[in-house]
Amino acid sequence: WSFISEELPRLMPTFFPLSAAREHTFAAGLSMGGYGALRLGLAQPERFAAVASLSGALDVTRRCREAGRQGSLLSKAELQSMFGADLSVEGSASDLWSLASNLPGQTAPMLYLSCGTEDSLLPENRASVGRFQFLPFGAGPRVCIGATFALQEAVIALAVLMHRYRFDSTDQ
C-alpha cells in the first residue's frame, strides 16, 4: 500500500511533467484497483480532486468477514496478504465506509463508480452508491444546496435594510 500511496506519487514527477495541484490529481482503478483508488482518495482527500472505481471490489469488510466461505471471489490467504492475518478491516484505514464517514467536508474528492450490467460486482457497486451518496460536502460540485438559498436570503435582507434605513459612511 505504501508503494502506491507514497512512493509512486513521489517517483512519477521525476519521469513526467506532473502538476502537484489537487485540482489536477486523480486516481482510478479496475476491480481491486477500484477499491484502491477509492481508498487512496478517501484516505488522502487533500491530494485528490476525484477518484474513480471501475467494476470495483468495494465491500472489503464483507469480503473479510466471509473469507474462506463457498463462493468467495478471493481466497482467505489472498485477503490475509492484503489486510493482515486477523482480517479486521471494519473501522480501520482499509475500510472505505469508515474513511468516508470521517471525511472533512471541504476536502472530500468527487467519486465516480462505474460497473457493467453483466458484472458480478454490480450489486456490490449499487449498494456502495447508496453508502457514498451522503458524503460530507462543502465547496465544489457537492456544495450544499442550501448555500444558494442562504445567499439569496442575505441579499434580500440587505435590500430590505437598505430600503428601510438610511446608511451613511463614516470617517472611521
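Residues numbered from 1 in each chain as written. Predicted model: local features only at pLDDT ≥ 70, side-chain atom pairs only at ≥ 80, totals over all residues. Heavy atoms only, no water.

Caption draft 1: Main features of the pattern of salt bridges. Taken as a whole and judged by the stated rule, the model has five salt bridges. A salt bridge links R65 to E90; the nearest nitrogen and oxygen atoms lie 3.5 Å apart. Here the residue R65 occupies a position in helix α3 (residues 60-65), and E90 occupies one in the loop between α4 (76-83) and α5 (96-101), the gap between them amounting to 25 residues. Its relative accessible area of 61% is what places E90 among the exposed residues. Linked by salt bridges that have partners in common, D59, R62, R63, E66 and E124 make up one network. (Salt bridge = Lys/Arg side-chain N within 4 Å of Asp/Glu carboxyl O. Helix = DSSP H or I, 4+ residues; strand = E, 2+ residues; numbered from the N terminus. Buried < 20%, exposed > 50% of the residue type's maximum accessible area, 1.4 Å probe, protein only.)

Caption draft 2: Region of the structure containing the environment of A57. Relative to the elements of secondary structure, A57 occurs in the loop between β2 (50-54) and α3. For A57, a relative accessible area of 5% gives the class buried. With 27 residues separating them along the chain, A57 and L30 place their C-alpha atoms 8.5 Å apart. Contacts of A57, omitting those with residues within four sequence positions, involve S31, M32, Y35, R63, L121 and E124. (Contact = heavy atoms within 4.5 Å.)

Caption draft 3: A look at the layout of surface pockets. The computed volume of the largest pocket comes to approximately 410 Å³. Forming the boundary of the largest pocket are 14 residues, of which P9, L18, T25, R47 and F48 lie nearest the centre. Split into classes, the residues belonging to the lining of the largest pocket amount to 10 nonpolar, three polar and one charged. (1 Å grid on protein atoms, 1.4 Å probe; cavity = no way out; pocket = protein on both sides within 12 Å on 5 of 7 lines; lining within 4 Å. Points joined across faces, edges and corners; volume = space filled by probe spheres on them. Nonpolar A, V, L, I, M, F, W, Y, C, P; charged D, E, K, R; others polar.)

Caption draft 4: Region of interest: the environment of A43. The residue A43 is located in helix α2 (residues 32-43) in this model. When the C-alpha positions of A43 and N102 are compared, they lie 9.5 Å apart, and in sequence the two are 59 residues distant.

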